[in-house]
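Structural overview
Residues per chain, in single letters:
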Amino acid sequence: MVGLITAIIFIPLLGALAVCTWPQRNCRPIALMFNAISAACALGLWRNFDPTATGLQLVERHDWIPVIGAEYLVGVDGLSLLLVLLTSLIIPFAFLAQRMDRGFCATMLVMQSALYGTFTAQNFVLWFLFYEMSLVPAFLLIKIWGGENRDRAATKFFLYTFLGSVAMLLSFLGIYFAKGTFDFSALADLGKNGLLTGKLAWIAFAGIFLGLAVKVPLFPFHTWLPDAYQSAPTGVSMVLTGVLSKMGVYGFVRLLLPLFPKEIKIIGPWLLALAVCSIVFAPLAAWAQRDLKRMVAYLSINHLGYCMLGLFAVAAPPVVAARIDTHAALSGVFMQIFNHGITAATLFYFIGLLEQRRGRRGIDDFGGLMQQTPLLCGWMSVAMFSSLGLPGLNGFIGEFLIFKGSFAIAASFTAIAVIGLLVTAIAFARAMQSLFSGPLTGNCGAFPDLLRSEKLIIVPMILLMFAIGITPQFMLNIFNTTVAQMARLFA
Amino acid sequence: MSSILPWILLLAPLCSAACITLFALRWKALSSFISIMAVLLSFICSCLVFARADISAPQFGWIDVAGALKVPFGLTQDQLSKMMLVLVSGVGAVIHIYSLGYMRDDEGKSRYFGALSLFMFAMLGIVVANNFVMLFMFWELVGFTSYVLIGHWFYRDAAAAAAKKAFITTRIGDFGFMIGILMLWMATGSIVFAEITPRMSMLTSHPTFLTVVALLIFCGAVGKSAQFPLHVWLPDAMEGPTPISALIHAATMVAAGVYMLVRVAFVIQTSQTALLVIAWIGTITAVLAALIATQQNDIKRILAYSTLSQLGYMVMAVGLASNDASMFHLFTHAFFKALLFLAAGSVIVMLHHEQNIWKMGGLSQKLPITFVTFVAGALALIGCPPFSGFFSKDAILALAYQRNVPIFAVGLFTAFLTAFYVIRLLVIVFFGKPRSEVARESRESPAVMTGPLIVLALLATLGGFAFFARRFLALPIEKEVAVFVPAVAIVALILGSGLAIVLYRNRASEPLDLQLLRHKFYFDEFYRWLIYWTQELLAGVFAFFDRWIIDAGAVSGSGRGTLGIGALLRLIQIGNLQAYLFLFGLGIVALIYFAVFH
């Protein structure tokens, strides 16, 4: 099935073209149709993927610009496949979440194509092209279709991430001039013995780190995020948190950790400290928020903080790490990537529903909703409990594996990080109390409960949360081999 | 066949919960029927499992990470878990049936029974878990169902606040528990109880580590079993429906903490320091709760504080390294406390949800069956021979007398207080003249409610006798102290009861006024202040920091700087493509120059 990955990448682009040429009113069904095709291809990719084989699979390699070592090189391992599947899941979900016009649909499809490309490209030039290609649509979507303060939020988002990207590009140019390759796997092999030396290595490291840390985001590079998520329209918030934020984590796994093992080991404790700050401070800030979207945005920082904690613990172990713990932490990180994607997107979807009905989304604008809209509240609570890590739902699996792995490696950092779990629970419990319970607030009396169309959208997501929470093994199987391979790489 | 039984008893309530939530929310009668059938099936299977010695303990892999990390899902089938299975499903079944009457006209009856089934599943899961991860998962699930059920009447602010408080307070303990599990996992390389037990001997050279692990695991029990200083959630949890108070917040869930401690005794008992701390925490909880109970006016809250106090006794016994005594008291307490709550529920319903004891009075004639059964429960609670509580409490006191005399003294004082506040309750509620209109017009509850009361009353009366209890659990062995301790305990009992009768006979209002006790030692005020401080200050400061320092200072500052630079750069926007290309090329050359040659 060679060509499958290329098909997945370019089908949304074709979709964007189609949407632009078709009449306005049909734009969303057409976009969804193209989504369905690319999702079918992604499922085909999963079928053709051999979960027991190591290394990249379904590789497509063509010369592109030989002079600068740029190749069209795409392929998937367990992690890439996971993210392709996640993208195929979240983007249609976002399309279904809100009304949109032609431009919106086309921009989203371009972004989707870029995301597929980012997660499958195995050559830096190609990867960077896709990486930047996702940035521009995101900027436009916030800037044109966003809510309050959209100009400021969009500019901030763009400046922040673009600065990070420039720093990353410069670093990679430096690496290229020193080593003459842009190929990820070749670079990873070179990375074992130290890619660069001396000051240059640190400069290159800092550049790439900055670019990725902004993208994730890692404390203290996170301040663009609450504004961007808050101002973005519902569907875009869902994609931003569900998929775009994973680009940063993916970059850490694919680029920074394999390329700079020595540097990471040296400043490992500082990185762990940053991850712990993300985990602890973000939910505290969430606790203080009155705007639901902002609250979930801060909690997103916290959830990605767990990913960073697991990754840094594996890459910069303060003590000699046992194989079981490395595996646990890495698996946990991959699970968390996927889980956070679906859970946070679902939460934003629900906030969108509330906003549609009420016209506002402050935590105090609602009250006693449980009496008026029991289904909406019930399903939304499932997503919230998933997010706070209740066993039986998906969130628990990833977080527990991360804690298992990183506690054995970096005990003190992980012990502090547990506070984050608690404060997250407090933030959600407070939100649930003020939204759902108590006497019905006057303004909420006329709300309709979940409509049939909304139920059809939300139930599959909730079922997926239960499925992963109860039988996580089918997810773990996707990346078990990749985890083992990476664990060897970091050892 | 026999290996399927444990799975049926575990999964029947889960199926019931799923069916109700998915299909039967609209049909209240059907929901309650499904739920009751499921719990009865669980009970029957539990009895079968209990009766047969040859039940195998099946196990399968749940998580398998790259062959390195494995989490199994298996069931323990030893005497301890079998006894708990019968107890939990038995008391659960009785309370399900009682709920039919109590929740007869409730709007959310289906939701109630669905959550009740889910609770049964989670609680049975705790009982049969054979490893720490499973235990922890069911542990959290139980907390979740408790949250849902406390907040059953979510439209009342107090219920919603109580649910949140219970969820978060118990979770504080759970995180200690989680770290404890992770530490033990790291040290022994296993999470299965049966595998860890032989490996504990490897760790004896690290006494501090063992103490820390034992105390962290104990944190879980402090939260769930509402021990000092995390006891504050349990009295508030009385905002839930009364059958829930009986099942979850008296007989089973709160006892899960004690059960867990007994289950992992192989860890706890490796550290003498940890045992001492546990014993004293239990003792403090027992006496503190008993003191507070003497000045409360809400019938359910008095019972809630007595639950705290009795849980304190159980934890004390765990700390005195006697699993048998602890489980014995758990066993008898489950019956008599469920009974007391259900009898109180009968009173509350018949008085149209009046809970203030000073509005009651003279109910012994109006609700005779409720009265008789309540008396049986009360006598068991204060440890009056020959009711069940006498035997089990006596076992703990005898143990304390042998191992730690200060704890014995406090335990004895607590027994005196218990007699005092229970008899006070009895005298005010059931004797004297009715003090309100509803009390004058009340009548006996329907049979679906009194039936369970009678069953539980029999168990509370007989449950302590050796011929009965020994079938279920190993009873603690008492040696030469057997005469002295019960004698002293009975003296304390008579003193406490006598004092209460003298003080409260024919009173219309509270003769004592002890503000410190009435305000529960100001724990709630203190915690509220602490939370307020944390939220307002810490979270506020962080949000401020985030918004104004990092964001406004560093980011927007640099943004403004960028704008300034942009204005300068606008000067070189000449609009000529060739010129741009030239500048671009120049830039690349400069970059290469710096990257390679510097």
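Note on numbering: residues in each chain are counted from 1, in written sequence order. Lettering for chains starts from A, numbering for ligands starts from 1, and both go in the order in which the items are written. Local features in a predicted model are, by the rule used here, given only for residues with pLDDT of at least 70; side-chain atom pairs are given and counted only at 80 or more, and totals for whole chains, interfaces and linings are based on all residues. Calculation of side-chain values draws on the structure's entire complement of heavy atoms; hydrogens and water are dropped beforehand.

1. A word on the overall build of chain A
From N to C terminus, chain A includes 19 helices and two strands. What you see for chain A is a C-alpha radius of gyration of 21 Å, in line with the 23 Å of a compact globule of 491 residues. Across its three principal directions, the C-alpha atoms of chain A cover 65 × 55 × 40 Å. Residue exposure (1.4 Å probe, protein chains only): buried if accessible area is under 20% of the type maximum, exposed if over 50%, otherwise partly exposed. The proportion of buried residues among the 491 residues of chain A is 67%. Carbon and sulfur atoms form 66% of the exposed surface of chain A, whose accessible area is close to 15200 Å². This count recognises Lys and Arg as positive and Asp and Glu as negative, with His and chain-terminal groups excluded. Think of each charge as sitting on NZ of Lys, CZ of Arg, CG of Asp or CD of Glu. With 31 positive and 21 negative side-chain charges, chain A shows a spacing of 3 Å between the two charge centroids. Every helix listed is a DSSP run of H or I at least four residues long, and every strand listed is a run of E at least two residues long, numbered separately from the N terminus. C-alpha atoms define the radius of gyration in this analysis, and the globule rule sets the expected value at 2.2 Å times the number of residues to the power 0.38. Note on areas: Shrake-Rupley, 1.4 Å probe, and residue coverage restricted to the protein chains presented here.

2. Some remarks on the overall build of chain B
For chain B, the count of helices and strands is 26 helices and two strands. The proportion of buried residues among the 598 residues of chain B is 60%. Residues are treated as being in contact if the distance between any of their heavy atoms lies within 4.5 Å. For chain B, long-range pairs separated by at least 24 residues make up 81% of all intrachain contacts whose partners lie at least 6 apart in sequence. For chain B, the computed accessible surface area is about 22800 Å², with 70% contributed by carbon and sulfur atoms.

3. Some thoughts on the pattern of salt bridges
Residue and element names in this part refer to chain A. Put simply, a salt bridge is a Lys or Arg side-chain nitrogen that is within 4 Å of an Asp or Glu carboxyl oxygen. This structure, assessed with the given rule, holds 19 salt bridges over all chains. Note that R61 and D183 form a salt bridge whose closest N and O atoms lie 2.8 Å from each other. Here R61, found in strand β1 (residues 57-65), pairs with D183, found in the loop between α6 (150-179) and α7 (184-191); they are 122 residues apart in sequence, far enough to count as distant. Overall, R61 belongs to the partly exposed group, its relative accessible area being 47%. Judged by its relative accessible area of 9%, D183 is buried.

4. A few points about a nonpolar patch on the surface
Patch membership requires over 30% relative accessible area and the absence of a salt bridge. Like charges are linked within 9 Å, and nonpolar side chains (Val, Leu, Ile, Met, Phe, Trp, Tyr) within 5 Å. Together, F526(B), W529(B), L530(B), W533(B), L537(B), L538(B) and V541(B) make up an exposed nonpolar region whose accessible area comes to about 700 Å². You can see V541(B) is positioned in helix α25 (residues 523-569).

5. Comments concerning helix α13 (residues 323-358) of chain A
Residues and elements named next belong to chain A. Helices are assigned an expected span. That span is 1.5 Å times one less than the residue count. The first and last C-alpha atoms of α13 sit 51 Å apart over 36 residues, in line with the 52 Å expected at 1.5 Å per residue. The buried fraction of α13 is high, at 32 of 36 residues. Count one or two residues on from α13 and you reach G359, which has phi positive near 85°.

6. Observations regarding the confidence of the model for chain B
A low pLDDT score tells you not to read the predicted coordinates there in detail. Every residue carries a pLDDT, the predictor's confidence in it, which falls somewhere between 0 and 100. Counting all residues, the mean pLDDT for chain B is 85, and 89% of those residues have values of 70 or more. For this predicted complex, the interface score ipTM comes out at 0.91, while the overall pTM is 0.89.

7. Some points on the layout of surface pockets
We place a 1 Å grid over just the protein atoms. Points where a 1.4 Å probe fits but has no way out form a cavity, open points with protein on both sides within 12 Å along at least 5 of 7 lines form a pocket, and any residue with an atom within 4 Å of a point lines it. Grid points are joined across faces, edges and corners, and a volume is the space filled by probe spheres set on the points. By volume, the second largest pocket amounts to about 1100 Å³. Around the second largest pocket sit 33 residues that line it, and W287(A), K164(B), I168(B), Y527(B) and I531(B) are the ones nearest its centre. With ten residues, α25(B) is the single largest residue contributor to the lining of the second largest pocket. Residue composition of the lining of the second largest pocket, by class: 20 nonpolar, five polar and eight charged. Gly is put with the polar residues, along with every residue not named as nonpolar or charged; the nonpolar set is Ala, Val, Leu, Ile, Met, Phe, Trp, Tyr, Cys and Pro, and the charged set is Asp, Glu, Lys and Arg.

8. Considering the interface of chain A and chain B
In many analyses, interface size is given as the accessible surface area lost on bringing the parts together. Listed per partner, the contact involves 64 residues of chain A and 51 residues of chain B. Here the quantity called buried area is the total loss of accessible area, with a 1.4 Å probe, experienced by two parts when brought into contact, counted for both. Here chain A and chain B share an interface that buries about 5100 Å² over both sides, 76% of which is from carbon and sulfur atoms. Considering only the surface of chain A that becomes buried against chain B, W287(A), F400(A) and F407(A) emerge as the three largest contributors, covering 12% of it. Here a polar contact is taken to be a pair of N or O atoms separated by no more than 3.5 Å, where protein atoms must pair a possible hydrogen donor with a possible acceptor and residues adjacent in sequence count only if both atoms sit in side chains. At the boundary of chain A with chain B, the tally comes to six residue pairs in polar contact (both at pLDDT 80 or more). Ranked by the residues each element gives to the side of chain A that touches chain B, the list is headed by helix α17 (residues 411-436) of chain A, at eleven residues. Residue classes in the side of chain A that touches chain B are distributed as 42 nonpolar, 15 polar and seven charged.

9. Examining the packing of aromatic side chains
Between rings of Phe, Tyr and Trp, where Trp is taken as its six-membered ring, a pair exists when centres lie within 6.5 Å; planes separated by under 30 degrees are stacked, by over 60 edge-to-face, and by other angles tilted. For the structure shown, the criterion picks out 63 aromatic pairs over all chains. Look at Y176(A) and F182(A): their rings are 4.3 Å apart centre to centre, the planes differ by 10°, and that puts the pair in the stacked class. Assessed through its relative accessible area of 15%, Y176(A) is described here as buried. An aromatic cluster of three or more residues is present, and its members are F124(A), W127(A), F128(A), Y131(A), F172(A), Y176(A), F177(A), F182(A) and F184(A). We call a charge positioned over a ring when the NZ of a Lys or the CZ of an Arg lies within 6 Å of the ring centre and within 35 degrees of the ring normal. Between K215(A) and the ring centre of Y131(A), over which it is positioned, the NZ or CZ distance is 5.1 Å. Above the plane of the ring of W185(B) lies K404(A), whose end atom (NZ or CZ) is 4.4 Å from the centre.

10. Thoughts on the pairing of strand β2 (residues 69-74) of chain B
Consecutive residues of a regular strand have side chains that alternate between opposite faces of the sheet. Residue and element names in this part refer to chain B. With five of six residues buried, β2 is to be regarded as a mostly interior element. Two strands form a pair only when DSSP identifies at least two bridges running between them. Bridging between strand β1 (residues 59-65) and β2 involves six bridges; their strand directions are antiparallel. The residue of β2 that forms the bridge with D64 is K70. Adjacent in sequence and paired antiparallel, β1 and β2 are bridged by three residues, among which A66 carries a positive phi angle near 45°.

11. Things to note about helix α2 (residues 27-48) of chain A
Spanning 22 residues, α2(A) covers 32 Å between terminal C-alpha atoms, matching the ideal 32 Å at 1.5 Å per step. Contacts from the buried residues of α2(A) go to α1 (4-21), β1, β2 (70-76), α3 (78-97) and α4 (102-120) of chain A.

12. Details of the packing of helix α6 (residues 157-188) of chain B against helix α8 (residues 207-224) of chain B
All names here are of chain B. Fitted lines through C-alpha atoms give the axes, limited to the stretch in contact for helices. The angle between two N-to-C directions lies from 0 to 180 degrees. Interaxial distance between α6 and α8 falls to 7 Å at its minimum, and their mutual angle equals 150°. Here α6 is positioned roughly antiparallel relative to α8, judged by the angle of their axes. Remark: the crossing between α6 and α8 carries left-handed chirality. Across the interface between the two elements, T170, G173, D174, G176, F177, I179, G180, M183, L184 and A187 of α6 pack against F209, V212, V213, L216, I217, C219, G220, G223 and K224 of α8. Should an angle lie under 35 degrees it is considered roughly parallel, over 145 roughly antiparallel, and from 65 to 115 roughly perpendicular; all remaining angles are considered oblique. Left-handed is the label given to a crossing in which the near helix is rotated counterclockwise from the far helix by less than a right angle, and right-handed is the label when the rotation is clockwise.

13. Thoughts on the environment of G411(B)
Residue and element names in this part refer to chain B. Relative to the helices and strands, G411 is located in helix α19 (residues 405-430). Its relative accessible area of 0% is what places G411 among the buried residues. For the pair G411 and I396, spaced 15 residues apart in sequence, the C-alpha to C-alpha distance is 8.9 Å. In this structure G411 touches Y313, M316 and L397, once residues within four positions along its chain are discounted.

14. Re the side chain of T418(B)
Residue and element names in this part refer to chain B. Relative to the helices and strands, T418 resides in helix α19. At 2.6 Å, the side chain of T418 forms a polar contact with the backbone oxygen of T414. Not counting residues within four places of it along the chain, the set of residues in contact with T418 comprises Q310, L381, I382 and K393.

15. Some points on the nonpolar core
Residues grouped as a nonpolar core are buried Ala, Val, Leu, Ile, Met, Phe, Trp, Tyr and Cys residues, joined through side-chain atoms within 4.5 Å. Grouped together as the largest cluster of nonpolar side chains are 400 residues, with contacts concentrated most on W127(A), F172(A), I175(A), F252(A), F334(A), M84(B) and F132(B). Here the element with the most residues in this core is helix α15 (residues 323-350) of chain B; it accounts for 18 residues. Contacts of I175(A), omitting those with residues within four sequence positions, involve G180(A), L187(A), L195(A), L196(A), A204(A), I208(A), L259(A) and F260(A). The next biggest cluster of nonpolar side chains, apart from the first, holds 17 residues, and it includes A325(B), I407(B), F408(B) and A415(B).

16. Observations concerning the environment of L330(A)
All names here are of chain A. Along the chain, the position of L330 falls in helix α13. Linking L330 and M486, residues 156 residues apart in sequence, is a C-alpha distance of 8.4 Å. Those residues in contact with L330 that lie beyond four places of it in its chain are L311, V314, V483, M486, A487 and F490.

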